[in-house]
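A structural walkthrough
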Amino acid sequence: LFAASLVINAQGINDCSTCGTVLLKAQDIDTLSVDELRLLTNEIYARRGYKFSNERLQDYFQSFEWYKPLADNSQVKLSNIEEKNSKLLTDRRKVREDERQIILTYFKGLKQLAAANNDAELNKLFIIPEDRQMASLDEMKRTLLHIDFDDVHWFKNKGLYSVEVDNGYVKIVYSFSLSNEGIVLAYNYMAHSDIMEDFDTMFSDY
C-alpha cells in the first residue's frame, strides 16, 4: 500500500499559467508533492494579484514579471475555472498529507512497540530472510527509538529524519528515509567518539 501510493511514473505540471482558462485533470497533478501542490494553489492567487504575508512566497512570486500584487487582497477574485482548479489542487494536497500521516502513524506504532520491548509483536512484523544480512531486532528497536517521526522533513516526495548520536565510544547516525524507491530505517557507525583517545576502550563504559 505504501509503495503503491508513492510510485511516480510521469511528470506533473510545472506551473499554473493556464489554470485561469483550462480545467486541470486529476492525472495532471497526481504525481505532485504536498509543497508543489501548495505552490500551484498559491500561484492561482498570485496571478490575480494576491499579496502574500509569507515572505518566502512573496519573494518567490515577486521574481516573475507577470506578478502584479494588488494593494488590497479583498479585490482578488477568482474565476469559476480558477476556483475549481484551486479546489482540485487543495483536495489532492489533503490526500498527499493523509498518505504521509498513514505512514508516520504506522512507524510511531512500531516505535511504541520498541519502547515497550514488545518483541513478540515486532517479530510478527519484521521477518529477517535467511539469505540476506539485516539488522537484528535489538538494533532495529534502537533505531526506531532514535527517530522523531513528528519531525520528518520533506522535499517534494522525499522525507527524511536523521540524527547523530555520540555515545562516548562511537558516533552513530540513525535515519528514517522515504522516497519512490521505498522506506528505509538505517543506522550507520560513522567514527569514534569525540572524547575517545587512542581508541582505547579501557577507559570507556561502552
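Here, the structure is the one placed above.
Source: prediction; values computed, not measured.

Evaluation of the coordinates by the stated rule reveals 14 salt bridges. A salt bridge links R38 to D35, with the shortest nitrogen-to-oxygen separation between them at 2.6 Å. Remark: D35 and R38 occur in helix α3 (residues 34–46); sequence separation between them is three residues, near one turn of the helix. By relative accessible area, which is 32% here, R38 ends up partly exposed. When its relative accessible area of 36% is taken as the criterion, D35 is described as partly exposed. The shortest N-O distance in the salt bridge between D98 and K94 comes to 3.0 Å. A residue pair is termed a helical-turn pair when its members lie 3 or 4 positions apart in one helix, as D98 and K94 do in helix α5 (residues 80–115) at four residues. Salt bridges linked by common partners bring D35, R38, R93 and E97 together as one network.

For the pair α5 and helix α7 (residues 137–146), the least separation of the axes is 9 Å and the interaxial angle reads 120°. In terms of axis orientation, α5 runs oblique to α7. By crossing handedness, the relation of α5 to α7 is classed as left-handed. Note on element contacts: α7 touches α5 through K141, L144 and L145, opposite F107, L110, K111, A114 and A115. Across the contact of α5 with α7, the residue classes tally to six nonpolar, no polar and two charged.

Rules of the game
- Residues numbered from 1 in each chain as written.
- Predicted model: local features only at pLDDT ≥ 70, side-chain atom pairs only at ≥ 80, totals over all residues.
- Heavy atoms only, no water.
- Salt bridge = Lys/Arg side-chain N within 4 Å of Asp/Glu carboxyl O.
- Helix = DSSP H or I, 4+ residues; strand = E, 2+ residues; numbered from the N terminus.
- Buried < 20%, exposed > 50% of the residue type's maximum accessible area, 1.4 Å probe, protein only.
- Axes fitted to C-alpha atoms, helices over the stretch in contact; angles between N-to-C directions.
- Parallel < 35°, antiparallel > 145°, perpendicular 65-115°, else oblique.
- Left-handed = near helix turned anticlockwise from the far one by under 90°.
- Contact = heavy atoms within 4.5 Å.
- Nonpolar A, V, L, I, M, F, W, Y, C, P; charged D, E, K, R; others polar.

Bear in mind that shape data such as this cannot, by itself, settle questions of function.
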